[in-house]
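# Fold and geometry: a report
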Amino acid sequence: MNRILATALTEFRIAFRNRWVAIAIGLMALFALVLSAAGSAPTGALGADRLSVTVASLTSLAVYLVPLLALLMAFDAIAGEAERGTLPLLLTYPGSRVEILLGKLAAHLCVLALALLAGYGLAAVAAFLADPGAASGLPALFRLGWTSLLLGATFLGAGYALSALARRPSGAAGLAMGLWLGAVVLYDLALLAAVVADGGGWFTTDLFPLALLANPADAFRLFNLAASEATAAAAGVGGAAAAVPLWQSALSVLLWPLGALALASAAFRRVTP
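Predicted model, so just to flag it, every value in this text is computed and none were measured.

It is worth spelling out the layout of surface pockets at this point. Leftover empty space is mapped by rolling, across the atoms, a probe with the size of a water molecule. Taken as a whole, the largest pocket holds about 330 Å³ of empty space. If you trace the largest pocket, you find 18 residues lining it, with Thr-7, Thr-10, Glu-81, Leu-90 and Tyr-93 closest to the centre. If you list the elements that add at least two residues to the lining of the largest pocket, you get helix 1 (2-15), helix 5 (79-84), helix 6 (87-92) and helix 7 (97-130). Ranked by residues supplied to the lining of the largest pocket, first place goes to helix 1 with six residues. Its residues placed into classes, the lining of the largest pocket shows seven nonpolar, five polar and six charged. Of the voids in this model, the second largest pocket is the one considered here, and its volume is about 190 Å³.

So this is what it looks like as structure tokens:
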């Protein structure tokens, strides 16, 4: 445990020197405020409090920014050590490779938690100032917070795996951006194109819900929207939330971080200093 904490403290300081991480945190806070200000429009029509509507909007924001922030922190976690020549020294320490990964994960999750606290906290304050009844949306905001951390943990693990496989920060950065683009943007576009081409057939009724659960970003969105009172505020793939049982999306959200960390551990074992 001491070795994990020591690694976490070191990685925590390194993460805050990454200017892209600082930019992403600032964008999280800025967009959260903008969405909170815009979220008042559908409140009356949906019959939900302002915070619940804001959470529905923040869910869509988190799908894009949380994986991006996680990958920005993780892509050079191992490749950067190799390029700086510190990887052989790191591997000579008494801690195992799993402990090294857990230390990096703990530090990066702390940074991610601070970013989420800044963004979601500002949005919640704005919602409370505009709507005295916003307290009823606090459970949805809390749920969004811990699922955002799990989504971040998934992409952190995936980023560590790519960093171990690439061995160079430039290559790892390219792979990380490709993963973000594929999982967050292109995957949904491909599913929607398949639904349109299927015309309400077997793919739409049977395979489409399973395909959504197979993507951590979509599983995160489905779980939060299915449990929210303001599901109607979301559109696109999020409209399928009612068709997927809540326990299935919850299980996917919980299992993806474990699978990503196992993948990262397997890739890190293959790294030779």
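Turning our eyes to something else, we now look at the side chain of Ser-163. Tracing the backbone through its elements, the reader meets Ser-163 in helix 8 (residues 138-166). The class for Ser-163 is buried, based on a relative accessible area of 0%. With sequence-adjacent residues up to four places away left out, Ser-163 is seen in contact with Ala-74, Phe-75, Asp-76, Ala-77, Ile-78, Ala-79 and Ala-172.

The subject of this paragraph is the pattern of salt bridges. Taken as a whole and judged by the stated rule, the model has four salt bridges. Glu-81 serves as the salt-bridge partner of Lys-104, at 3.3 Å between the closest nitrogen and oxygen. Pair noted here: Lys-104 is in helix 7 and Glu-81 is in helix 5, with a separation of 23 residues, a long-range link. Comparing Lys-104 with Glu-81 shows no difference in burial state: the two are buried. Notably, a salt bridge pairs Asp-218 with Arg-221, separated by 2.9 Å at the nearest N-O pair. Linking Asp-218 with Arg-221, this pair stays in helix 11 (residues 216-226), spanning three residues, or about one helical turn. Bridged by salt links that share partners, the residues Glu-11, Glu-81 and Lys-104 form one connected network.

Time to look at the environment of Ala-123. You can see Ala-123 is positioned in helix 7. C-alpha of Ala-123 to C-alpha of Leu-141: the two residues are 18 residues apart in sequence and 9.9 Å apart in space.

Rules used throughout
Counting restarts for each chain, with residues numbered from 1 along the sequence as it is written. Restriction of local features to residues with pLDDT of at least 70 applies here, the model being predicted, together with a cutoff of 80 or more for giving and counting side-chain atom pairs; totals for whole chains, interfaces and linings are based on all residues. Note that water and hydrogens are dropped before the side-chain values are worked out from all heavy atoms of the structure. Using a grid of 1 Å spacing that covers the protein atoms alone, one calls a set of points a cavity when a 1.4 Å probe fits there but cannot get out, and a pocket when the set is open and has protein on both sides within 12 Å along at least five of seven lines; lining residues are those with an atom within 4 Å of a point. Grid points are joined across faces, edges and corners, and a volume is the space filled by probe spheres set on the points. Each helix corresponds to a stretch of at least 4 residues labelled H or I by DSSP, and each strand to a stretch of at least 2 residues labelled E; elements are numbered beginning at the N terminus. Only Asp, Glu, Lys and Arg are considered charged, only Ala, Val, Leu, Ile, Met, Phe, Trp, Tyr, Cys and Pro nonpolar, and every remaining residue, Gly among them, polar. Burial classification: accessible surface area is computed with a 1.4 Å probe over protein chains only, and a residue below 20% of its type maximum counts as buried, one above 50% as exposed, and the rest as partly exposed. The contact rule is simple, with two residues in contact once any of their heavy atoms fall within 4.5 Å. We define a salt bridge as a side-chain nitrogen of Lys or Arg found within 4 Å of a carboxyl oxygen belonging to Asp or Glu.

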